[in-house]
Amino acid sequence: MKTLFYLLALSGLILALAACNRDNGVAVASGATPPIPTTVGPVPGGATPPAAHANPFSGNEVALTEGRKLFNWYNCSGCHGGHAGGGMGPSLRDEIWLYGNRDDQIFDSIAQGRAHGMPAWGPKIPEQQIWKLVTYIKSLRTPQEPDPPLMPEQEGIVKGSINSVPEAQK
Ligand code: HEC
């Protein structure tokens with residue numbers, strides 16, 4: 001009889017421990033991010049642009065010059081500056097790209113517009129011309145850039161002249 005009692009007590013203890021473990025499991029799950037394994041598949045808009053969305057004018061010198069003209073023609077320069085150095089719109093010459101610097105991403109920036117003040121040009125500019133603009137923008141700061149901005153010394157500005165004290169006041 002005594003043995004039976006011990007057996008019952010023992011199984012009760014085992015059950016209690018099991019329940020305890022289960023409780024622990026629940027506590028962890030509710031407090032932390034559930035460890036769900038996620039497979040990383042192809043990311044939309046990932047590294048390789050689809051062939052259909054590739055720049056047909058990449059490296060084309062005629063397209064470069066036309067892109068430069070279109071940049072002024074459509075008054076992109078009005079917001080981005082005469083040589084795309086920035087104005088009301090961000091610089092397209094620097095290394096900072098809000099929406100990516102791949103040809104297809106620049107194409108989308110122009111065609112679809114961007115949230116903070118970049119109009120969508122898709123309905124107004126033929127696709128071929130948008131690619132020419134992309135080609136031009138990609139050439140900025142490279143030796144291929146058509147009509148690059150003049151360096152300060154070429155414009156006749158002497159370094160330091162603006163802040164230097166005139167002779168009479170010395
Ligand atoms: C009315 C002013 C305005 C005009 C005109 C304009 N843009 Fe923009 N553009 C902007 C602004 C503002 C942004 C930044 C948008 C944002 O931050 O969401 C921008 C963003 C961009 C970007 C993305 C830059 C990046 O860092 O990813 C590109 C490329 C661009 N413009 C090209 C052009 C071209 C080409 C034209 C002419 C067809 C043009 N823009 C005309 C205001 C303008």
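Residues numbered from 1 in each chain as written. Predicted model: local features only at pLDDT ≥ 70, side-chain atom pairs only at ≥ 80, totals over all residues.

Peer 1: Please explain the environment of Met88 as it appears in this structure.
Peer 2: Relative to the helices and strands, Met88 resides in the loop between helix 3 (76-80) and helix 4 (103-112). The class of Met88 is exposed, set by 9 C-beta atoms lying within 10 Å. (Helix = DSSP H or I, 4+ residues; strand = E, 2+ residues; numbered from the N terminus. Buried ≥ 20, exposed ≤ 12 C-beta atoms within 10 Å, placed from the backbone.)

Peer 1: Is there a simple way to explain the packing of helix 4 against helix 5 (residues 127-139) in this structure?
Peer 2: Packed helix pairs are specified by the crossing angle of their axes together with the interaxial distance, meaning the distance between the axes. Relative to each other, helix 4 and helix 5 sit at 120°, their axes nearing to 9 Å. With respect to their mutual orientation, helix 4 and helix 5 come out oblique. Regarding helix 4 and helix 5, the two cross each other, and that crossing is right-handed. Facing Asp103, Ile106, Phe107, Ile110 and Ala111 of helix 4, the residues of helix 5 in contact are Ile130, Trp131, Leu133, Val134, Ile137 and Lys138. Along the lines of polarity and charge, the residues of the contact of helix 4 with helix 5 split into 9 nonpolar, no polar and 2 charged. (Axes fitted to C-alpha atoms, helices over the stretch in contact; angles between N-to-C directions. Parallel < 35°, antiparallel > 145°, perpendicular 65-115°, else oblique. Left-handed = near helix turned anticlockwise from the far one by under 90°. Contact = placed C-beta atoms within 7 Å. Nonpolar A, V, L, I, M, F, W, Y, C, P; charged D, E, K, R; others polar.)

Peer 1: Help me understand the site of the ligand, please; the structure alone is not making it clear to me.
Peer 2: Around the ligand sit 25 residues in total, of which Cys76, Cys79, Gly89, Gly117 and Met118 are the nearest. Those elements that provide at least two residues to the shell around the ligand are helix 3, helix 4 and helix 5. Taken together, the residues of the shell around the ligand break down into 17 nonpolar, 7 polar and 1 charged. (Near = placed C-beta within 6 Å.)

Peer 1: Looking at this model, I keep getting lost on the environment of Gly122. Mind explaining?
Peer 2: Mapped onto the fold, Gly122 is located in the loop between helix 4 and helix 5. The partly exposed category is assigned to Gly122, around which 15 C-beta atoms lie within 10 Å. Among all residues touching Gly122, those that are not within four sequence positions of it are Ala111 and Gln112.

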